[in-house]
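Architecture at a glance
Here is what each chain is made of, one letter per residue.
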Amino acid sequence: GQQVMQIPQYQHVQEGEDFTTYCNSSTTLSNIQWYKQRPGGHPVFLIQLVKSGEVKKQKRLTFQFGEAKKNSSLHITATQTTDVGTYFCAGRRGGGSNYKLTFGKGTLLTVNP
Amino acid sequence: DSGVTQTPKHLITATGQRVTLRCSPRSGDLSVYWYQQSLDQGLQFLIQYYNGEERAKGNILERFSAQQFPDLHSELNLSSLELGDSALYFCASSVYTGVPDTQYFGPGTRLTVL
């Protein structure tokens, strides 16, 4: 079945450093979503990427979708303590009525103030 | 606050028992999704309902079942519980307009099986 691998599993940074998490799928994706889960919280939708090579920015966060639509990345510039949490990518294969999202295992980001 | 509600917040039960988790989607959302989150398996999609009908199935065990009622709330039934079923169970909802859309997650139900 479809697998979505996410690396690294953990990342600890000093406040102000950059952070990147990578997501790789074993199959071509129709779209990919990114979620953030704060400690003790629930996943919160961040963004969705649909087009090959798409790049989207949200303030200090930059999201990319690979040309082959099999990989994606999330880059945070100048991390802050409020960025702490687990970042998940979630890929959807195919289209039509296929709404099954396959989540990566997430990257836990901790930030040292 | 996502607008999705889940009850109960915590549930402690014994092996072999049966429990029901409840989810109310955001107002206007027709689709409900159930996920299981455990430390070793991450976030696993279980099942999706749309307007009362099952739409997609993931890694849901035969001991688990779900349904969505006419008022669009959903229940996830877990039976013959095992220690390994201890996890966080999330419900999410979306509008489901026929194109990929955002899922809004509820606060989750933490199930502990002793």
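Structure shown above.
Overall, the coordinates contain 12 aromatic pairs over all chains when judged by the stated rule. Residues A:F88 and A:F103 carry aromatic rings whose centres are separated by 6.3 Å and whose planes lie at 80° to one another, so their mutual orientation is edge-to-face. On the criterion of sequence distance, the pair formed by A:F88 in strand β9 (residues 85-92) and A:F103 in strand β10 (residues 101-103) is long-range, its members being 15 residues apart. The buried category is assigned to A:F88, whose relative accessible area is 3%. An aromatic cluster of three or more residues is present, and its members are A:Y35, A:F45, A:F88, A:F103, B:Y35, B:F45, B:F90 and B:F105.

Cis geometry marks the peptide bond from A:I7 to A:P8; its omega dihedral reads -5°. With respect to the helices and strands, the residue A:P8 is situated in the loop between β1 (4-7) and β2 (10-14). With an omega of -10°, the peptide bond running from B:T7 to B:P8 counts as cis. Position of B:P8 relative to the elements: it lies in the loop between β1 (5-7) and β2 (10-13).

All chains considered together, the criterion is met by 5 salt bridges over all chains. A salt bridge links A:R60 to A:D83; the nearest nitrogen and oxygen atoms lie 2.9 Å apart. Of this pair, A:R60 sits in the loop between β6 (55-58) and β7 (61-65) while A:D83 sits in the loop between β8 (71-76) and β9, and the two are 23 residues apart along the sequence. For B:D29, the salt bridge identified is with B:R26, shortest N-O distance 2.8 Å.

A complete count under the given rule lists 2 disulfides over all chains for this structure. Through a disulfide, A:C23 is tied to A:C89; the S-S separation comes to 1.9 Å. An S-S torsion of about 75° defines the bridge between A:C23 and A:C89 as right-handed. Taken together, the positions of A:C23 in strand β3 (residues 19-25) and A:C89 in strand β9 put the pair 66 residues apart, joining distant regions of the chain. For A:C89, a relative accessible area of 0% translates into the label buried. Here B:C23 connects covalently by a disulfide to B:C91, the sulfurs 1.7 Å from one another. Because the torsion about its S-S bond is -45°, the bridge between B:C23 and B:C91 counts as left-handed. Here B:C23, found in strand β3 (residues 19-24), pairs with B:C91, found in strand β9 (residues 87-94); they are 68 residues apart in sequence, far enough to count as distant. Among the residues examined, B:C23 registers a relative accessible area of 0% and is labelled buried.

Another point: the sheet that holds β6(A). Residue and element names in this part refer to chain A. The 5 strands lie next to each other as β1-β3-β8-β7-β6, forming an open sheet whose pairing is antiparallel. Because the sheet does not close on itself, it has two edges, and the strands there are β1 and β6. Across the sheet, the mean angle from the axis of one strand to that of its neighbour is 15°, orientation sign disregarded. Pairing geometry for β7 and β8, over 5 bridges, is antiparallel. Paired with Q64 across the bridge in β8 is S73.

Residues and elements named next belong to chain B. Burial of the side chains of β3 is restricted to one face: V19, L21 and C23 are buried, whereas none of T20, R22 and S24 on the reverse face is. Where β1 lies against β3, 3 bridges are found, and the strand directions are antiparallel. Looking across to β3, one finds that T5 is bridged to S24. Of the pairings in the sheet, the one linking β3 to strand β8 (residues 74-78) comprises 5 bridges and is antiparallel in character. Opposite R22, over in β8, you have E75 as the bridge partner.

Below, the discussion takes up the sheet that holds β8(B). Strands pair in a sheet through their backbones, by hydrogen bonds, and they do so in one of two ways: parallel or antiparallel. Residue and element names in this part refer to chain B. Read across the sheet, 4 strands follow the order β1-β3-β8-β7 without closing on themselves; strand pairing throughout is antiparallel. Across the chains shown, the open sheet's two edge strands, defined by having one partner strand only, are β1 and β7 (64-68). Neighbour-to-neighbour, the strand axes of this sheet turn through a mean angle of 15°, independent of strand direction.

The rules behind each value
- Per-chain numbering applies: the sequence of each chain, read as written, is numbered from 1 onward.
- The lettering of chains begins at A and the numbering of ligands begins at 1, in the order of writing.
- A pLDDT threshold of at least 70 governs which residues receive local features in this predicted model, and a stricter bar of 80 or more applies before side-chain atom pairs are shown or counted, although totals over entire chains, interfaces and linings include all residues.
- By convention in this description, side-chain values take in all heavy atoms of the structure and omit both hydrogens and water.
- Classification of ring pairs uses Phe, Tyr and Trp, with its six-membered ring standing for Trp, and accepts pairs whose centres are within 6.5 Å; under 30 degrees between planes counts as stacked, over 60 as edge-to-face, and the remaining range as tilted.
- Helical segments are the DSSP runs of H or I of at least four residues, strand segments are the runs of E of at least two, and each set is numbered from the N terminus.
- Burial classification: accessible surface area is computed with a 1.4 Å probe over protein chains only, and a residue below 20% of its type maximum counts as buried, one above 50% as exposed, and the rest as partly exposed.
- Salt bridges are counted wherever a side-chain nitrogen of Lys or Arg sits within 4 Å of a carboxyl oxygen of Asp or Glu.
- Disulfide: a pair of cysteine sulfur atoms within 2.5 Å of each other.
- Two strands form a pair only when DSSP identifies at least two bridges running between them.
- An axis is simply a line fitted to the C-alpha atoms; with a helix, the fit covers only the stretch in contact. Between two such axes, the angle follows the N-to-C directions and lies from 0 to 180 degrees.

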